[in-house]
Amino acid sequence: APEFELTSDAGETVKLSAQVRTEPLPQDAIPPIPAKAIEPFLSQPLVIEPGGLDNAPRIVATEENRVNLGPGGVAYAVGVGEDPKVVWQIYRPGRTLVDPETKATLGIEAVYLGTGRVRRPGNPATLEIVSSLREISRDDRLIAAGPLSINQYVPHPPAVFLRGRIVGMYDGLATSETGRNSVVAISKGKRDGIESGHVLAILRAGNSVADPRANVSRDSAPSFMLPDERYGLLFVFRVFDAISYALVMESTRPVAPGDIVQTP
(Lines give C-alpha, C1' and ligand atoms only; values in the text may rest on other atoms or scores of the structure.)
Protein backbone atom coordinates (compact mmCIF):
# COMPACT_ATOMS: atom_id res chain seq x y z
CA ALA A 1 0.00 0.00 0.00
CA PRO A 2 1.33 3.52 -0.71
CA GLU A 3 2.78 5.44 2.25
CA PHE A 4 2.53 9.12 3.09
CA GLU A 5 4.59 11.23 5.48
CA LEU A 6 3.04 13.95 7.63
CA THR A 7 4.90 16.37 9.89
CA SER A 8 3.18 17.30 13.15
CA ASP A 9 3.32 20.73 14.84
CA ALA A 10 5.97 19.33 17.16
CA GLY A 11 8.21 18.48 14.19
CA GLU A 12 7.64 14.75 14.35
CA THR A 13 7.35 12.79 11.11
CA VAL A 14 4.55 10.23 10.99
CA LYS A 15 4.19 7.61 8.25
CA LEU A 16 0.68 6.67 7.14
CA SER A 17 -0.24 3.84 4.79
CA ALA A 18 -3.50 3.46 2.88
CA GLN A 19 -5.69 0.56 3.96
CA VAL A 20 -8.94 -0.96 2.77
CA ARG A 21 -11.68 -0.50 5.34
CA THR A 22 -14.68 -2.79 5.47
CA GLU A 23 -17.85 -2.18 7.42
CA PRO A 24 -20.45 -4.76 8.45
CA LEU A 25 -23.79 -4.57 6.73
CA PRO A 26 -26.16 -2.87 9.18
CA GLN A 27 -28.87 -5.23 10.39
CA ASP A 28 -31.54 -2.63 9.70
CA ALA A 29 -30.39 -2.57 6.05
CA ILE A 30 -31.46 -6.21 5.57
CA PRO A 31 -35.15 -6.63 4.74
CA PRO A 32 -37.06 -9.42 6.51
CA ILE A 33 -36.98 -12.80 4.76
CA PRO A 34 -40.47 -13.93 3.67
CA ALA A 35 -40.48 -17.62 4.66
CA LYS A 36 -43.28 -18.53 2.26
CA ALA A 37 -41.14 -17.40 -0.68
CA ILE A 38 -38.45 -20.00 -0.03
CA GLU A 39 -40.29 -22.89 1.70
CA PRO A 40 -41.26 -24.61 -1.59
CA PHE A 41 -37.57 -24.80 -2.54
CA LEU A 42 -36.18 -26.20 0.72
CA SER A 43 -37.06 -29.87 0.13
CA GLN A 44 -36.39 -30.00 -3.62
CA PRO A 45 -33.08 -31.11 -5.19
CA LEU A 46 -33.05 -28.10 -7.59
CA VAL A 47 -29.68 -29.11 -9.07
CA ILE A 48 -28.49 -32.51 -10.27
CA GLU A 49 -25.25 -33.78 -11.77
CA PRO A 50 -25.31 -34.65 -15.49
CA GLY A 51 -27.00 -38.06 -15.67
CA GLY A 52 -28.06 -37.82 -12.02
CA LEU A 53 -31.66 -38.86 -12.77
CA ASP A 54 -30.78 -41.68 -15.17
CA ASN A 55 -31.19 -44.42 -12.56
CA ALA A 56 -34.05 -42.84 -10.61
CA PRO A 57 -37.51 -44.48 -10.52
CA ARG A 58 -39.51 -43.38 -13.54
CA ILE A 59 -42.96 -43.28 -15.06
CA VAL A 60 -43.21 -45.86 -17.83
CA ALA A 61 -46.85 -45.39 -18.83
CA THR A 62 -49.95 -43.34 -18.11
CA GLU A 63 -53.58 -44.33 -17.68
CA GLU A 64 -55.27 -44.70 -21.08
CA ASN A 65 -52.01 -43.52 -22.66
CA ARG A 66 -52.71 -39.90 -21.78
CA VAL A 67 -49.95 -37.59 -22.88
CA ASN A 68 -50.10 -35.40 -19.76
CA LEU A 69 -51.38 -35.95 -16.23
CA GLY A 70 -52.62 -33.64 -13.48
CA PRO A 71 -53.95 -34.17 -9.93
CA GLY A 72 -56.03 -37.35 -9.70
CA GLY A 73 -54.37 -38.87 -12.76
CA VAL A 74 -52.86 -42.34 -12.72
CA ALA A 75 -49.37 -43.32 -13.85
CA TYR A 76 -47.38 -46.56 -13.80
CA ALA A 77 -43.89 -46.36 -12.37
CA VAL A 78 -40.98 -48.73 -11.83
CA GLY A 79 -38.58 -48.69 -8.90
CA VAL A 80 -40.88 -46.99 -6.36
CA GLY A 81 -41.33 -49.87 -3.90
CA GLU A 82 -44.54 -50.64 -2.02
CA ASP A 83 -44.81 -48.12 0.82
CA PRO A 84 -48.00 -46.06 0.29
CA LYS A 85 -46.82 -43.49 2.84
CA VAL A 86 -43.87 -42.36 0.75
CA VAL A 87 -44.44 -39.11 -1.11
CA TRP A 88 -42.70 -39.18 -4.48
CA GLN A 89 -41.59 -35.90 -5.98
CA ILE A 90 -41.69 -35.91 -9.77
CA TYR A 91 -39.00 -34.24 -11.89
CA ARG A 92 -37.56 -33.98 -15.34
CA PRO A 93 -34.11 -32.68 -16.29
CA GLY A 94 -34.15 -28.99 -17.18
CA ARG A 95 -31.64 -26.58 -18.61
CA THR A 96 -27.90 -26.82 -18.19
CA LEU A 97 -26.54 -24.17 -15.79
CA VAL A 98 -23.41 -22.54 -17.20
CA ASP A 99 -21.06 -20.04 -15.56
CA PRO A 100 -21.33 -16.82 -17.65
CA GLU A 101 -17.63 -16.08 -17.15
CA THR A 102 -15.85 -19.45 -17.40
CA LYS A 103 -18.49 -21.21 -19.54
CA ALA A 104 -18.08 -24.24 -17.25
CA THR A 105 -21.11 -26.46 -16.63
CA LEU A 106 -22.23 -26.05 -13.01
CA GLY A 107 -25.05 -28.59 -13.05
CA ILE A 108 -28.46 -29.34 -14.51
CA GLU A 109 -31.58 -27.83 -13.07
CA ALA A 110 -34.17 -30.33 -11.84
CA VAL A 111 -37.61 -29.12 -12.90
CA TYR A 112 -40.16 -29.92 -10.19
CA LEU A 113 -43.46 -31.18 -11.60
CA GLY A 114 -45.53 -32.43 -8.64
CA THR A 115 -46.03 -35.35 -6.25
CA GLY A 116 -47.49 -38.84 -6.29
CA ARG A 117 -48.23 -41.81 -4.00
CA VAL A 118 -48.33 -45.54 -4.62
CA ARG A 119 -51.95 -46.69 -4.92
CA ARG A 120 -51.17 -50.31 -5.81
CA PRO A 121 -47.72 -51.91 -5.36
CA GLY A 122 -45.98 -53.75 -8.15
CA ASN A 123 -43.32 -53.25 -10.78
CA PRO A 124 -44.68 -51.22 -12.38
CA ALA A 125 -46.68 -49.83 -9.46
CA THR A 126 -49.83 -47.79 -9.84
CA LEU A 127 -49.07 -44.21 -8.88
CA GLU A 128 -51.71 -41.58 -8.17
CA ILE A 129 -50.78 -37.99 -8.93
CA VAL A 130 -51.49 -35.97 -5.79
CA SER A 131 -50.43 -32.51 -6.92
CA SER A 132 -48.86 -30.90 -9.95
CA LEU A 133 -47.31 -27.60 -10.91
CA ARG A 134 -46.82 -28.77 -14.48
CA GLU A 135 -48.23 -31.55 -16.61
CA ILE A 136 -46.65 -34.93 -15.87
CA SER A 137 -45.89 -37.48 -18.56
CA ARG A 138 -44.12 -40.70 -19.46
CA ASP A 139 -40.40 -40.94 -18.57
CA ASP A 140 -40.56 -38.29 -15.85
CA ARG A 141 -38.40 -39.26 -12.85
CA LEU A 142 -39.24 -39.72 -9.17
CA ILE A 143 -37.35 -38.93 -5.97
CA ALA A 144 -38.61 -39.83 -2.49
CA ALA A 145 -39.42 -36.62 -0.61
CA GLY A 146 -37.41 -36.05 2.54
CA PRO A 147 -38.59 -34.19 5.65
CA LEU A 148 -38.96 -30.43 5.29
CA SER A 149 -36.21 -28.74 7.24
CA ILE A 150 -36.47 -24.99 7.76
CA ASN A 151 -33.27 -23.65 9.23
CA GLN A 152 -33.27 -20.31 10.97
CA TYR A 153 -30.37 -18.53 9.32
CA VAL A 154 -29.37 -15.08 10.46
CA PRO A 155 -28.78 -13.02 7.31
CA HIS A 156 -25.17 -11.83 7.21
CA PRO A 157 -22.57 -10.80 4.63
CA PRO A 158 -19.66 -13.16 3.88
CA ALA A 159 -16.56 -12.62 6.01
CA VAL A 160 -14.41 -12.49 2.84
CA PHE A 161 -14.88 -10.93 -0.56
CA LEU A 162 -16.87 -13.17 -2.92
CA ARG A 163 -17.94 -12.33 -6.44
CA GLY A 164 -20.02 -14.29 -8.93
CA ARG A 165 -22.78 -13.97 -11.50
CA ILE A 166 -26.49 -14.64 -11.73
CA VAL A 167 -26.87 -17.73 -13.90
CA GLY A 168 -30.61 -17.40 -14.40
CA MET A 169 -34.01 -17.46 -12.81
CA TYR A 170 -35.32 -20.67 -11.29
CA ASP A 171 -37.68 -22.77 -13.38
CA GLY A 172 -35.81 -22.45 -16.63
CA LEU A 173 -36.13 -18.71 -17.18
CA ALA A 174 -32.58 -18.36 -18.49
CA THR A 175 -33.06 -15.12 -20.39
CA SER A 176 -35.86 -13.41 -18.48
CA GLU A 177 -35.71 -10.60 -15.97
CA THR A 178 -37.20 -10.77 -12.52
CA GLY A 179 -37.55 -8.72 -9.35
CA ARG A 180 -38.12 -8.77 -5.63
CA ASN A 181 -39.05 -12.09 -3.95
CA SER A 182 -37.92 -14.06 -7.01
CA VAL A 183 -35.48 -16.97 -6.82
CA VAL A 184 -32.26 -16.88 -8.84
CA ALA A 185 -29.32 -19.23 -9.32
CA ILE A 186 -25.80 -17.84 -8.80
CA SER A 187 -22.48 -19.18 -10.06
CA LYS A 188 -20.90 -19.73 -6.64
CA GLY A 189 -21.43 -22.57 -4.20
CA LYS A 190 -20.01 -24.46 -1.24
CA ARG A 191 -16.62 -24.92 -2.88
CA ASP A 192 -16.32 -21.13 -3.21
CA GLY A 193 -17.19 -20.38 0.42
CA ILE A 194 -20.88 -19.54 -0.03
CA GLU A 195 -23.08 -20.43 2.94
CA SER A 196 -26.82 -20.42 3.57
CA GLY A 197 -27.66 -17.09 5.17
CA HIS A 198 -25.18 -15.03 3.17
CA VAL A 199 -26.43 -11.68 1.93
CA LEU A 200 -24.90 -10.46 -1.35
CA ALA A 201 -25.21 -7.22 -3.25
CA ILE A 202 -26.52 -7.25 -6.83
CA LEU A 203 -24.76 -5.06 -9.39
CA ARG A 204 -25.17 -4.28 -13.09
CA ALA A 205 -21.79 -4.42 -14.84
CA GLY A 206 -20.58 -1.11 -16.25
CA ASN A 207 -20.21 -0.79 -20.02
CA SER A 208 -17.28 0.54 -22.02
CA VAL A 209 -18.18 3.76 -23.87
CA ALA A 210 -16.19 5.68 -26.44
CA ASP A 211 -15.17 9.27 -25.72
CA PRO A 212 -17.67 11.35 -27.74
CA ARG A 213 -15.20 14.26 -27.93
CA ALA A 214 -12.40 12.24 -29.49
CA ASN A 215 -11.59 13.42 -33.04
CA VAL A 216 -10.95 9.90 -34.34
CA SER A 217 -13.02 7.05 -35.71
CA ARG A 218 -15.36 5.39 -33.23
CA ASP A 219 -13.45 2.09 -33.37
CA SER A 220 -10.18 3.71 -32.28
CA ALA A 221 -11.55 6.39 -29.96
CA PRO A 222 -10.45 6.37 -26.32
CA SER A 223 -13.00 4.65 -24.12
CA PHE A 224 -14.21 4.87 -20.56
CA MET A 225 -15.27 1.94 -18.40
CA LEU A 226 -18.37 2.90 -16.50
CA PRO A 227 -18.54 1.71 -12.88
CA ASP A 228 -20.63 -1.26 -11.77
CA GLU A 229 -23.90 -0.01 -10.31
CA ARG A 230 -25.30 -1.66 -7.18
CA TYR A 231 -29.08 -1.93 -7.21
CA GLY A 232 -30.19 -4.68 -4.85
CA LEU A 233 -29.62 -7.42 -2.28
CA LEU A 234 -30.18 -11.16 -2.32
CA PHE A 235 -30.31 -13.83 0.39
CA VAL A 236 -28.71 -17.26 -0.17
CA PHE A 237 -30.88 -20.09 1.18
CA ARG A 238 -29.79 -23.27 -0.68
CA VAL A 239 -26.16 -24.12 -1.36
CA PHE A 240 -24.84 -26.87 -3.62
CA ASP A 241 -21.24 -27.63 -4.55
CA ALA A 242 -20.89 -25.30 -7.55
CA ILE A 243 -24.10 -23.28 -7.49
CA SER A 244 -26.49 -21.67 -5.02
CA TYR A 245 -30.05 -20.38 -4.99
CA ALA A 246 -30.95 -17.03 -3.52
CA LEU A 247 -34.01 -14.87 -2.92
CA VAL A 248 -34.01 -11.34 -4.30
CA MET A 249 -34.81 -9.26 -1.21
CA GLU A 250 -34.75 -5.84 -2.81
CA SER A 251 -34.02 -4.33 -6.21
CA THR A 252 -34.49 -0.97 -7.87
CA ARG A 253 -34.34 -2.41 -11.40
CA PRO A 254 -35.09 -5.77 -13.04
CA VAL A 255 -32.63 -8.53 -12.14
CA ALA A 256 -31.12 -10.18 -15.21
CA PRO A 257 -28.87 -13.18 -15.93
CA GLY A 258 -25.22 -12.13 -16.03
CA ASP A 259 -25.59 -9.50 -13.32
CA ILE A 260 -22.89 -9.48 -10.66
CA VAL A 261 -23.34 -10.67 -7.08
CA GLN A 262 -20.71 -9.91 -4.48
CA THR A 263 -19.97 -9.23 -0.84
CA PRO A 264 -21.69 -5.94 0.07
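Residues numbered from 1 in each chain as written. Predicted model: local features only at pLDDT ≥ 70, side-chain atom pairs only at ≥ 80, totals over all residues. Heavy atoms only, no water.

**Some details on unusual backbone geometry**
Short version of the rule: Secondary structure counts use DSSP, requiring at least four H or I residues in a row for a helix and at least two E residues in a row for a strand, with both numbered from the N terminus.
With omega at 20°, the peptide bond leading from N123 into P124 counts as cis. With respect to the secondary-structure elements, P124 resides in the loop between β7 (105-120) and β8 (125-132). One non-glycine residue, E64, adopts positive backbone phi at about 55°. Relative to the elements of secondary structure, E64 occurs in the loop between β4 (58-62) and β5 (74-78).

**Description of the sheet that holds strand β11 (residues 183-186)**
Applied cut-off: Only strands that DSSP links by at least two bridges are regarded as paired with each other. Each axis is a line fitted through C-alpha atoms, and for a helix only the stretch in contact is used; angles between axes span 0 to 180 degrees, taken between their N-to-C directions.
Pairing within the closed barrel is antiparallel, and its 6 strands lie in the order β10-β11-β16-β15-β12-β17. Adjacent strand axes in the sheet meet at a mean angle of 45°, parallel and antiparallel pairs treated alike.

**Here we look at the nonpolar core**
What counts here: Among the buried residues, those of types Ala, Val, Leu, Ile, Met, Phe, Trp, Tyr and Cys that are joined through side-chain atoms within 4.5 Å form a nonpolar core. Between buried and exposed lies partly exposed: a residue is buried under 20% and exposed over 50% of the maximum accessible area for its type, with that area taken using a 1.4 Å probe on protein chains only. The contact definition used throughout considers only heavy atoms, calling two residues in contact when any of these lie within 4.5 Å.
Ranked by internal contacts, the top residues of the largest apolar core, which has 32 residues, are F237, I243 and Y245. Contributing elements (two or more residues each) for this core: α1 (35-38), β3 (47-48), β6 (88-98), β7, β11, β12 (199-204), β15 (229-239) and β16 (244-251). Tallying contributions element by element places β7 first for this core, with 4 residues. Other than its neighbours up to four places away in sequence, F237 contacts I38, F41, L42, V183, S196, Y245, A246 and L247. Core analysis: the next-biggest nonpolar cluster, separate from the first, contains 16 residues, I166, I202, Y231 and V239 among them.

**Describing the pattern of salt bridges**
Applied cut-off: The rule for a salt bridge is simple: a side-chain nitrogen of Lys or Arg has to be within 4 Å of a carboxyl oxygen of Asp or Glu.
Counted by the stated rule, this structure contains 8 salt bridges. Among the salt bridges present, the one from E64 reaches R66, with a minimum N-O distance of 3.8 Å. A residue is classified by how much of its surface remains accessible, and E64, at 64% relative accessible area, is exposed. The residue R95 makes a salt bridge to E109 at a minimum N-O spacing of 3.4 Å. With R95 in strand β6 and E109 in strand β7, this residue pair connects regions lying 14 residues apart in the sequence. Note on R95: relative accessible area 17%, which makes it buried.

Geometric values such as these leave the question of function open.
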